Amino acid sequence: MTVGTNSSPGAADAAEERFRDTPAVPAAAVDGLCGVPPQAVDSGRARGARPPVRTDRAAGEAPAGGLGFAVDPDSLPDGLVVADDKGRVVCFNAAAARITQLAPERALGAPIDRALPLEDLEGRRWWALTDPYGGLATRRGQPERNLLLPGGREVLVSASYVRTHPTGPVRRLVVTLRGTEARRRTERSHAELIATVAHELRSPLTSVKGFTATLLAKWERFTDDQKRLMLETVDADANRVTRLIAELLDISRIDSGRLEVRRQPVDIATAVGRHVQALTANGQDPARFLVSVSRPLPDLWADPDKIDQILGNLLENAVRHGEGTVTIGVSPHEKGTAVTVSDEGPGIPEESMARVFTRFWRGSKRGGTGLGLYIVKGIVEAHGGTITVGRGPGGGAEFRFILPVSAPAYLTQ
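What this report covers is the structure whose coordinates are included nearby. The model shown is predicted, which means the values in this text are computed figures rather than measured ones.

1. A short note on the overall build of the chain
Okay, so step 1: Tallying secondary structure elements over the chain gives 13 helices and 12 strands in all.
Okay, so step 2: Burial status across the chain gives 41% buried among its 413 residues.
Okay, so step 3: Excluding contacts between residues fewer than 6 apart, the proportion of contacts in the chain whose partners are at least 24 apart in sequence is 61%.
Okay, so step 4: Per element, the accessible surface of the chain, about 22,000 Å² overall, is 53% carbon and sulfur.

Printed below as a string of structure tokens:
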């Protein structure tokens, strides 16, 4: 047996302490999944054929693991490699072959340290470090970690030690493999979020710092009107920073499923009118907005602050990116209340509609963080509703969200 060159407890034993209280994987369950006897592996290799997955079990008999059906390892989404009590590979599924780019027929029957030569990120041989067949007999396995295959390919590896009884010898070594593509995508998304936030924060904070430093150094040189203009600019930039921080908190809660909804009675028609008035007070032409409300509307129990966030984002997008009349429609729906916001601009290209509610999506005009519609979708879904995007009657973009009939917060907590 070539796996494990040190039978004394090593540094890896300490990292495996948390596995001691974990129930041992039943050996029969592993055998029912992929328990080919070594002699079958050897004969299969001699014939150049892959050995059968099922064990010498009577036809129709359920696997001993209690699943009630046979499981083909090749149907598993993750790579599966199983070694017997001698450290020889008895199972190497299709996902493992795809992830490692190793041929199953070459791996089957070979010692696992040769069939699956793994190194840690410091270049040390993983099997010699972990010594699955030696070391502490109370070990249950190895937690998932990044390891390297020949050629420097990175793979996520975890291992489970299957024993006949808690402190008995290892009967099966079960290794699972996963590619790192999904984790890399997540890391890139986080890096992009950090870069976007840093960029968006830099401009308003630079402005705030510049104006406050100027006022402190040369206060007596400015007129009251000049001071007021500078302070209004500082106030606006501070509000921008506050909004960005609120967006980041919302994204964190949405991603972790912790977005809280405090349901109260909401008059959605009044909320729409309030947002239109705010836009006209900021210089928009009142004739640009057309509000249509079909009554009677069902009672709406929702979080008023978050409803304002949805309406504010959709109306701001329609004004900034759209053209012509912005139409807001509120109507009853079989599931609750439907709200539609459409404009007469160029609209959203068909190929981009599937990405509208993803992070960092921006329309044809650059600007903003690209997080608003992602947050809107998360808020709507937190209310149990749905939101869609399409092309409006005037040719522009049309967003439609539906909020279902629901109960107040004190009845749902």
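Picking up where we left off.
2. Focus on the nonpolar core
Okay, so step 1: Residues Ile 328, Phe 399 and Phe 401 are the most contacted members of the largest nonpolar core, which totals 45 residues.
Okay, so step 2: Per element, the largest residue contribution to this core is 7 residues, and it comes from helix α11 (residues 304-321).
Okay, so step 3: Not counting chain neighbours up to four residues away, the residues in contact with Phe 401 comprise Ile 310, Leu 311, Leu 314, Thr 337, Ala 338, Val 339, Val 380, Thr 386 and Ile 387.

3. Observations regarding helix α12 (residues 372-382)
Okay, so step 1: Counting buried positions along α12 gives 8 out of 11 residues, so the element sits mostly inside the fold.
Okay, so step 2: Of the residues making up α12, those classed as buried are Gly 372, Leu 373, Tyr 374, Ile 375, Val 376, Gly 378, Ile 379 and Val 380.
Okay, so step 3: Among the structural elements, α9 (224-256), α11, β11 (386-391) and β12 (397-404) are those in contact with the buried residues of α12.
Okay, so step 4: Phi turns positive one or two residues past the end of α12, at Gly 384, with a value near 85°.

4. Details of the environment of Leu 290
Okay, so step 1: By the element assignment, Leu 290 lies in strand β7 (residues 289-293).
Okay, so step 2: Leu 290 sits 38 residues away from Ile 328 along the chain, and the two C-alpha atoms are 6.2 Å apart.
Okay, so step 3: Leave out the neighbours within four places in its chain, and Leu 290 touches Thr 325, Val 326, Thr 327 and Ile 328.

5. Describing the pairing of β12
Okay, so step 1: The element β12 is largely enclosed, with a buried count of 6 among its 8 residues.
Okay, so step 2: Bridge count between β11 and β12: 6 bridges; the pairing is antiparallel. Its bridge partner lying in β12, Val 389 is registered against Phe 399.
Okay, so step 3: Turn length for the β11-β12 hairpin, with the two strands adjacent in sequence and antiparallel, is 5 residues, and the turn residue Gly 395 shows positive phi of about 95°.

6. Focus: the pattern of salt bridges
Okay, so step 1: Within the structure shown, the criterion is met by 10 salt bridges.
Okay, so step 2: One salt bridge in this structure joins Arg 124 and Glu 122, with 3.4 Å as the shortest N-O distance.
Okay, so step 3: Of the residues examined, Glu 122 reaches a relative accessible area of 64% and is grouped as exposed.
Okay, so step 4: As a salt-bridge pair, Glu 316 and Arg 320 come within 2.5 Å of each other at their nearest N and O atoms. You can see Glu 316 and its partner Arg 320 sitting in helix α11, 4 residues apart, about one turn around the helix.

7. Points about the side chain of Asn 93
Okay, so step 1: When you line up the elements, Asn 93 lands in the loop between β2 (89-92) and α4 (94-100).
Okay, so step 2: Its relative accessible area of 0% is what places Asn 93 among the buried residues.

8. Regarding the sheet that holds β11
Okay, so step 1: A sheet is described by the order of its strands in space; here 5 strands give the open sequence β7-β9-β10-β12-β11, paired in mixed fashion. Pairing within the sheet leaves two strands with one partner each, and these edge strands are β7 and β11. Averaged over neighbouring strand pairs, the angle between their axes works out to 15° when direction is ignored.
Okay, so step 2: Here strand β10 (residues 336-342) runs beside β12; their pairing, made up of 7 bridges, is antiparallel. By the bridge assignment for β12, Thr 340 is matched with Arg 400.
Okay, so step 3: The sheet contacts of helix α10 (residues 268-281) involve β7, β9 (326-333) and β10, and relative to β7 the element is tilted by about 175°.

9. Here's the deal with the sheet that holds strand β1 (residues 79-83)
Okay, so step 1: Strand order across the open sheet formed by 5 strands is β2-β1-β5-β4-β3, with antiparallel pairing between neighbours. Edge strands, defined here as strands with exactly one partner in the open sheet, are β2 and β3 (141-148). Direction aside, the axes of adjacent strands within the sheet are offset by 20° on average.
Okay, so step 2: Sheet topology places strand β4 (residues 154-163) next to strand β5 (residues 170-178); 8 bridges connect them, and they run antiparallel.

The rules behind these values
- Residues numbered from 1 in each chain as written.
- Predicted model: local features only at pLDDT ≥ 70, side-chain atom pairs only at ≥ 80, totals over all residues.
- Heavy atoms only, no water.
- Helix = DSSP H or I, 4+ residues; strand = E, 2+ residues; numbered from the N terminus.
- Buried < 20%, exposed > 50% of the residue type's maximum accessible area, 1.4 Å probe, protein only.
- Contact = heavy atoms within 4.5 Å.
- Areas by Shrake-Rupley, 256 points an atom, 1.4 Å probe, with all protein chains shown as cover.
- Core = buried A, V, L, I, M, F, W, Y, C linked by side-chain atoms within 4.5 Å.
- Pairing = 2+ DSSP bridges.
- Salt bridge = Lys/Arg side-chain N within 4 Å of Asp/Glu carboxyl O.
- Axes fitted to C-alpha atoms, helices over the stretch in contact; angles between N-to-C directions.

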